Amino acid sequence: MTALGSRFKAGATNPWGKPRVLPVVTLLYVLWSLIPVGIAVLFSFNSGRSRSTWQGFSTRWYVGTPEAAESVLYDESLRFALTQSVRLAVLTMLVATPIGVALALGLARWRGRGARASNLLMLIPLVTPEIVMGVALFLVFDEVYDFVPFGTWTQFLGHVTFSISFVVIMVRGRLFAIGRDYEEAAMDLGASPFQAMRRVLLPLLAPALLASLAIVFAISIDDFVISQFLIGGPESVTIPVQLYSGARLAPPPSLNALATILMVVTIGAISVAGLVFRALGKRRGERGSALESVAGFEM
Amino acid sequence: MPTNLASGAEYATVGQKRWVWPGFALPGVLWLALFFLVPFYAVFAVAMGQLDPILQRATPEWNPFYWDLTILGEAFAQLFGGQLGLIAFRTIAYVFIASLLCLIIGYPVAYFVSRKAGRWRWLWLLLILAPFWINYLMRMMSWVNLLSPDGQVNRWLTTIASWFSVEFVPPDWLAGHHLVVVLGLVYGYIPFFILPLFAALDRIDEATLEASRDLGASSSQTFWRVTWPLSRYGVLGGLVIIMLPMFGDYYTPNLLSGSPRTRMYGNTIDQFINQTTSGGALGAALTIILMMFVAGLMVYYLRSINRATEEARR
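Residues numbered from 1 in each chain as written. Chains lettered and ligands numbered in written order. Predicted model: local features only at pLDDT ≥ 70, side-chain atom pairs only at ≥ 80, totals over all residues.

### Some words on the overall build of chain A
Alright, step 1. Each helix and strand in chain A was counted, giving 13 helices and zero strands.
Alright, step 2. For chain A, the α and β elements follow one another from N to C terminus as α-α-α-α-α-α-α-α-α-α-α-α-α.
Alright, step 3. When contacts within chain A are restricted to residue pairs at least 6 apart in sequence, long-range pairs at least 24 apart make up 67% of them. (Helix = DSSP H or I, 4+ residues; strand = E, 2+ residues; numbered from the N terminus. Contact = placed C-beta atoms within 7 Å.)

### Focus on the overall build of chain B
Alright, step 1. Helices and strands together make up the secondary structure of chain B, namely 13 helices and two strands.
Alright, step 2. Considering chain B as a whole, with its 314 residues, one finds that 42% of them fall into the buried category.
Alright, step 3. For chain B, the proportion of contacts with a sequence separation of at least 24, taken over those separated by at least 6, is 67%. (Buried ≥ 20, exposed ≤ 12 C-beta atoms within 10 Å, placed from the backbone.)

### Some details on the interface of chain B and chain A
Alright, step 1. Counting from both sides, the interface comprises 91 residues of chain B and, opposite them, 79 residues of chain A.
Alright, step 2. It is helix H2 (residues 20–47) of chain B that contributes the most residues to the side of chain B that touches chain A, 17 residues altogether.
Alright, step 3. Across the side of chain B that touches chain A, the residue classes tally to 63 nonpolar, 20 polar and eight charged. (Nonpolar A, V, L, I, M, F, W, Y, C, P; charged D, E, K, R; others polar.)

### Quick notes on the nonpolar core
Alright, step 1. Core analysis: the biggest nonpolar cluster contains 172 residues, and Val 135 of chain A together with Val 43, Ala 47 and Ala 285 of chain B have the highest contact counts within it.
Alright, step 2. No other element matches the 15 residues that helix H8 (residues 178–203) of chain B contributes to this core.
Alright, step 3. Once residues lying within four places of it in the same chain are set aside, the contact partners of Val 135 of chain A are Phe 229 of chain A together with Val 43, Ile 269, Ile 273, Gly 283, Ala 284 and Thr 287 of chain B. (Core = buried A, V, L, I, M, F, W, Y, C linked by C-beta atoms within 7 Å.)

### A word on the packing of helix H9 (residues 206–214) of chain B against helix H10 (residues 219–247) of chain B
All names here are of chain B.
Alright, step 1. Where H9 meets H10, the axes come as close as 10 Å, and the angle between the chain directions of the two elements is 140°. Helix-helix and strand crossings are classified by hand; for H9 and H10 the assignment is right-handed. Each of Thr 208, Leu 209, Ser 212 and Arg 213 in H9 lies in contact with H10, whose residues at this interface are Thr 222, Val 226 and Thr 227.
Alright, step 2. A class-by-class count of the residues in the contact of H9 with H10 yields two nonpolar, four polar and one charged. (Axes fitted to C-alpha atoms, helices over the stretch in contact; angles between N-to-C directions. Left-handed = near helix turned anticlockwise from the far one by under 90°.)

### Overview of the environment of Val 95 of chain B
All names here are of chain B.
Alright, step 1. Inspection of the secondary structure assignment puts Val 95 in helix H4 (residues 83–116).
Alright, step 2. The buried category is assigned to Val 95, around which 23 C-beta atoms lie within 10 Å.
Alright, step 3. When the C-alpha positions of Val 95 and Asp 249 are compared, they lie 9.8 Å apart, and in sequence the two are 154 residues distant.
Alright, step 4. Contact partners of Val 95, with chain neighbours within four places excluded, come to Met 243, Met 246 and Phe 247.

### Section: unusual backbone geometry
Alright, step 1. A positive phi angle, near 40°, is found at Ser 165 of chain B, a position not held by glycine.
Alright, step 2. Along the polypeptide, Ser 165 of chain B turns up in the loop between helix H7 (152–163) and H8.

### A closer look at the confidence of the model for chain A
Residue and element names in this part refer to chain A.
Alright, step 1. Overall, the prediction assigns chain A a mean pLDDT of 84, with 87% of residues at 70 or greater.
Alright, step 2. For chain A, per-element mean pLDDT is lowest for helix H13 (residues 290–295), which scores 44, and highest for helix H10 (residues 225–229), which scores 94.
Alright, step 3. Note on residues 285–299: pLDDT under 50 across the span, and 36 contacts to partners over four residues away in sequence or across chains. (pLDDT = per-residue confidence, 0-100.)

### Considerations on the confidence of the model for chain B
All names here are of chain B.
Alright, step 1. Confidence in the prediction of chain B, expressed as mean pLDDT, is 85, and 89% of residues score 70 or more.
Alright, step 2. Scored below 50 in pLDDT, residues 1–15 makes nine contacts in the model with residues more than four places away or belonging to other chains.
Alright, step 3. Interface confidence for the predicted complex, given as ipTM, is 0.86, next to a pTM of 0.85.

### Focus on helix H6 (residues 136–147) of chain B
Note on helix geometry: an α-helix contains 3.6 residues per turn, so any two residues three or four positions apart are oriented the same way.
All names here are of chain B.
Alright, step 1. The first and last C-alpha atoms of H6 sit 17 Å apart over 12 residues, in line with the 16 Å expected at 1.5 Å per residue.
Alright, step 2. Among the 12 residues of H6, 12 are classified as buried, and the element is accordingly described as predominantly covered.
Alright, step 3. Tyr 136, Leu 137, Met 138, Arg 139, Met 140, Met 141, Ser 142, Trp 143, Val 144, Asn 145, Leu 146 and Leu 147 are the residues of H6 that are buried. (Expected span 1.5 Å × (residues − 1).)

### A short note on the packing of helix H2 (residues 21–43) of chain A against H4 of chain B
Alright, step 1. One can describe the packing of H2 of chain A onto H4 of chain B by two numbers: an axis separation of 9 Å at closest approach and a directional angle of 115°. In this structure, the crossing between H2 of chain A and H4 of chain B has a hand that is left-handed. For the pair formed by H2 of chain A and H4 of chain B, the contact residues are Leu 22, Pro 23, Val 25, Thr 26 and Tyr 29 of chain A on the first element and Ile 105, Pro 108, Val 109, Tyr 111, Phe 112, Val 113 and Lys 116 of chain B on the second.
Alright, step 2. Considering only residue class, the contact of H2 of chain A with H4 of chain B consists of 10 nonpolar, one polar and one charged.

### Here we look at helix H3 (residues 70–79) of chain B
Residues and elements named next belong to chain B.
Alright, step 1. For H3, the full list of buried residues reads Ile 71, Leu 72 and Ala 75. For H3, the angular spread of the buried residues around the axis is 100°, confining them to a single face. For H3, exposure combined with an orientation more than 90 degrees from the buried face picks out Gly 73 and Ala 77. (Arc of directions from axis to C-beta.)

So, in C-alpha cells, the structure goes:
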C-alpha cells in the first residue's frame, strides 16, 4: 500500500507529467465494465447450447433453421419480443418527437401565467424514479382509463410520456443556441412569424429534430420498467422484459443473440444522433464540448 | 443575441397573437397532465381508498375529503417495526455503499479521462460511454452468465485453486449474497455517475490549476483546494442521478440473487403491483412513501437542472 502510495505521489508531484496510476485504474475500469458484455456477445455465436463452454463459431442462435425453432429468427417468443420492441420504439419516436418539439418551442417563448408550472410539469418526469411512474401508470390504466387494454397501447402511452421531456431538453438547448436573430431578420425582411418559423427556424432545428428521433427510439427500445408494469400478455413482451424473465432460467445462447441485436440497434440509433449533431456543429462552425460530439446530445 | 425580453415585447406590437406559444405547448402539457399528473393522483386515490370487503380489491377514492389513511398507516407501521423496516434499512445500506463505491471508482476514471487522457481522449471517452448504449438488463444478464454455478467465474477460480492445489468448492454466487447485489448495483449505475462528473471536471479551466501551481501549491493541495471543490457539483449531481433509480430498483436484486435475504424496497412494490391482484392499495402506499423519501433528492436535482439551463441560456 505504501509503495503504491509513494508511486502515486511521485507521479503526482508534477501535474503536467504523465500520470501512472490513473490510466491503469481507468483501464481496469473499462475492462471490468465491458468484458462481461463482450463474453455475453461472444457466446451468442457459440455453436453449442452452453453459455460458458466455447464450442466453435456459428450463427445458429441468430438465424438457425425453422425446424429447430431455437434462433431469434424462428423462436416465436424471441422474434415477437424483437418486433414488439421495434414497433413500440418507432411509434413512440413518431409521436413523442413532434409533441416534444412543440412543447420546447412553446416553453421557450411563452411568457405568461402557466409557463412556469408547465415547465415544472415537463421537468418532474425526468427525476421521477421509473418504478414510481410505472406504478402510477399501471394504476391509472387499471382504475381510470380502463378502456385502454393493457399491452401495446398502454406501453406506447407510457413510453411517449417519459420521452417527451427528453425531447424538450434536447431541442431547448438548440433553441437557445440558435437565438432569435435569424427569425427576426426574416421578419424584418417581411416574413410573417409563421413563415419565419417554417422557413428559418425549422431548418435550423432539423438536426436537433433528427437527433431527438434517434434518441427517443433508443430510450424507448431500452426501457424495461415501464414496459414491464404496463405489459398485457405474452404478445407485449419486449426484449428487455424477455431478458429479465429469461436470464435466470438457464436459457440457450439465443437469449444472448437477442440481447446482442438490441445492443447493435441501440448503438446504431445513438450513432445516427451523434453523427447528425456533429455534422451540424461543423457546418455552423461551432465548437461543442468533446462530450457533446461523442455522446451526440447536449447534457 | 438581443435579449429575449425586448424582442418578445416587439413581437407583441408586431401583432402576434398571445395564444400562439401556449398553443404550441398545449399538446405536450395536455399529454403530461393526462398521463403523468392524473396517474400521480391515482396513486394517492388508490392508496387512500377503501378495500372492497368482498372482492378484496382497492376502490380508489377521488375526493380527498374522504381519504382513508388506514392502509397508509399500516404501511408506516410495517416500516417502523415490521418486516418492511428491515427491507428499507437494507435498501438504504445497499444504496449508500454502492454510491460510495461508485464515487471511489468513478472519480479517478472521470478525472483521468477529462484531464489527463491526452491524445487518446476521444477513445477513452467512447469506452466510458459505451455502457450507456448497452441495455441495463443485458449488462446484468452478462453477470448472471458469469456468476452461474457452472459459469466462467467459478471456472477461473477452480483453475486458480488447482495451481495452488487448494481444495475449492464452487459457491453459488447467485443464491443471495449481499456483496454480489451491491457490486451489481455499482456495475449497473456507475456510468451514470461518471458522465456528469466528467462534464463538471471537463469544464474546469486549466488556467485555474496553473494559477494554483504558480502560487506555490503542491499538486495534492491543488487537487484538494481547487479541483475537488470545483467538481463538487458534478459529484453531487452524479450521486443524485444514481441514487434516484437505485432506491426504486428491483430488477438488479431479482436477477443477481432472487433470495429474500437481498430483497430491496422496490421488490416489495413490484410484488404487490405486478405479482398479486389484491395488493394495489398497499403497493400504492409504499410508492407514496418512496416518493416522500426521494422528494428531497428530486428537488435538489431539479434545481441543478434548472440552474444548468439558465446558464446555457446566458
